[in-house]
Each structure stands twice: as C-alpha cells, then as structure tokens.
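Spelled out, the chains give:
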Amino acid sequence: MIYASASEWRNAPQKRVLLFAMSGLGKTHLSKMLRSTGDWFHYSIDYRIGTRYMGEKIADNAKREAMKVPFLRDLLRSNSIYIGSNISFEDLKPMSSYLGKPGDPAKGGLEWDEYSRRQDEFQAAEVAALMDTGHFIDRSVDLYQYPHFVCDTGGSICEWVDADDPDDPVLTELASKTLMVWIEGTDAHTAELIRRFDQEPKPMSYDPAFLLATWNAYLAEFNVPPDKVNPDDFIRWAFAKALAHRQPRYKAMADRWGITVPQQAVEQVKDTKGFVGMIADALEVRS
C-alpha cells in the first residue's frame, strides 16, 4: 500500500484514496464532502464512463428512439435539433438507460444478445476509466493544483478484477497510485439496499459468467421464455444474488490490496479531519 502506517497517511502532503463498495454505502457522499473543502479532486469513474467512453453511444441511443417519431426524425436529419446526454455526478440515468434490462420488448426489455453487447461495452469502458486514474491524479496536481485526490468508483469494479492474482493489471495500477478503501456494510445495510432497489430497480453491470448463469437460472425457475421476461422482475430477482456474489470479491480486494472501513464509521464522518481519522484508524487495524 502507498501508506504503510497511520502516521505516514496523516503526514502525507498528498493524500490519494480510492473508495469502493456497493451503491448506497457512502462513496459519493464522502467524495462530495471532500470536494467541497476545495482541497480534494473528485474523480468519478461513472461520470468518466458516461462522458469519455460511452457518451456517443448514450446519445445515439436517444437519437434512435427519437428517429421513431416522424416529427423528430425530420428535425434530426436536417440538423435542426440536438440530442445529447446531460449526465452529471449526481444523475447517471442516461448511462443506466443505455445499459437497459433484458426481457420482453413490450415492457422495455432488450433482446439478450443486445443486452450482453451493451454489458461488454460497459465493462471495457469501466476498465478504461479505472486505468485513467493515474492520469487524473497527475492532472489534478499539474493543472488544477489540488493537493489531495479521491476516486469514487462504481459498484461493479469487483466484476472486472481478480483480487487473488498478484499481477492483476487493474488492481496493480490502482494500488500503486491510491490507497484502496472498502466501505463494508452490514446485513441491515444489505436489506435496506434491496428494499430501495425493489422500489426503483435500475440497470446494473455484472461479470458475464455470473450474469448468464443468473439469467438461465431465472428462466428455468419461472419457466418463462426470454422474450416474455418482465425486465424489472428479473433485475429485482438478480439483485440480492448480485450482492452475495460481490461481497466476497470486495473483501478479497480489501484484504489483499487495501483496507476496510465499516459503513457505521462513514456515517460519523462530517469533515476532512473525520475522514483522515477514519482512514488512520483502519490503517492501525491493518498493521
């Protein structure tokens, strides 16, 4: 790790951290809090994906839908209107809408091959955005003169890495540039995440092998053909399984490549001093 002890972390003139966890456990909350101090550069992986790597695909998807409306089609073809993504740190819906959900087209679902193709695109984009972290660390100092840096990752980071491989290219790169910090939730947090997801299911991205196995298990359990699957029902059904699938992956990443902070500690952080103290406490435990 780039900080070998709590004292080394506290005294570091440039503090560089990467936060990873399931959605809803405080990654973006902490990142925004740090950014608001004026001393921390906030690098959002999801924002980078949605702007640099998938921005054109997201916009083209919206244009494809607009082309189905004669009035809008004529305006688009004559370059009389512009359709683009207004993605932000706080609103990632344009990217979610592109990822989509598999199932019945009449209910907004995508055919499985198209859904899988978009999943593959997202995987490539997320890996590329993660590998850009070092570039943005340099940029934050050279261009914007920020002393500190926080990388706010997406929940799917664990899907594309192998924590047991000491030569994993993504983890090797990230751990050489940042202190990797896992925010660990409790069973109660997991139950709350599932409750929220049931109320508002949203597209997510998963390891291809896990996703295909989950899809086939759903089809078999409910005896439904692929083109009749209710898209929201499937992703709700898959979500709890995804949490169980991701938990050991996050833990392995923290055990081998970083540190762990409990979500209860994150809830107590109100300022930079509290954040630095929380990380120092975790480093003490690690050592």
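What you see is a predicted model; the values in this text were computed from it and never measured.

## Focus on the nonpolar core
In terms of nonpolar packing, the biggest core is built from 85 residues, with Trp-9, Phe-275 and Ile-279 touching the most fellow members. With twelve residues, helix 12 (residues 231–257) is the single largest residue contributor to this core. Ile-279 has contacts with Trp-9, Leu-179, Val-181, Ile-259 and Val-261, leaving out every residue within four places of it along the chain.

## Things to note about helix 8 (residues 133–142)
Of the positions making up helix 8, those classed as buried are Thr-133, Gly-134, Phe-136, Ile-137 and Ser-140. For helix 8, the buried positions fall inside an angular range of 165° around the axis, keeping them on one side. The secondary structure elements touched by the buried residues of helix 8 are strand 1 (16–20), strand 2 (40–44), helix 3 (45–53), helix 7 (112–131), strand 3 (148–152) and helix 9 (169–177).

## Notes on unusual backbone geometry
Here Gln-145, not a glycine, exhibits a phi torsion of approximately 60°, which is positive. Among the secondary structure elements, Gln-145 is positioned in the loop between helix 8 and strand 3. For Asn-223, which is not a glycine, the phi torsion comes out positive at approximately 50°. Looking at the secondary structure, you find Asn-223 in the loop between helix 11 (208–222) and helix 12.

## Brief notes about the state of the cysteines
Tallied over the full model, the rule gives zero disulfides. Distance from the sulfur of Cys-151, which forms no disulfide, to the nearest cysteine sulfur (Cys-158) is 14 Å. Residue Cys-151 is classed as buried on the basis of its relative accessible area, which comes to 0%.

The rules behind these values
Residues numbered from 1 in each chain as written. Predicted model: local features only at pLDDT ≥ 70, side-chain atom pairs only at ≥ 80, totals over all residues. Heavy atoms only, no water. Core = buried A, V, L, I, M, F, W, Y, C linked by side-chain atoms within 4.5 Å. Buried < 20%, exposed > 50% of the residue type's maximum accessible area, 1.4 Å probe, protein only. Helix = DSSP H or I, 4+ residues; strand = E, 2+ residues; numbered from the N terminus. Contact = heavy atoms within 4.5 Å. Arc of directions from axis to C-beta. Disulfide = S-S within 2.5 Å.

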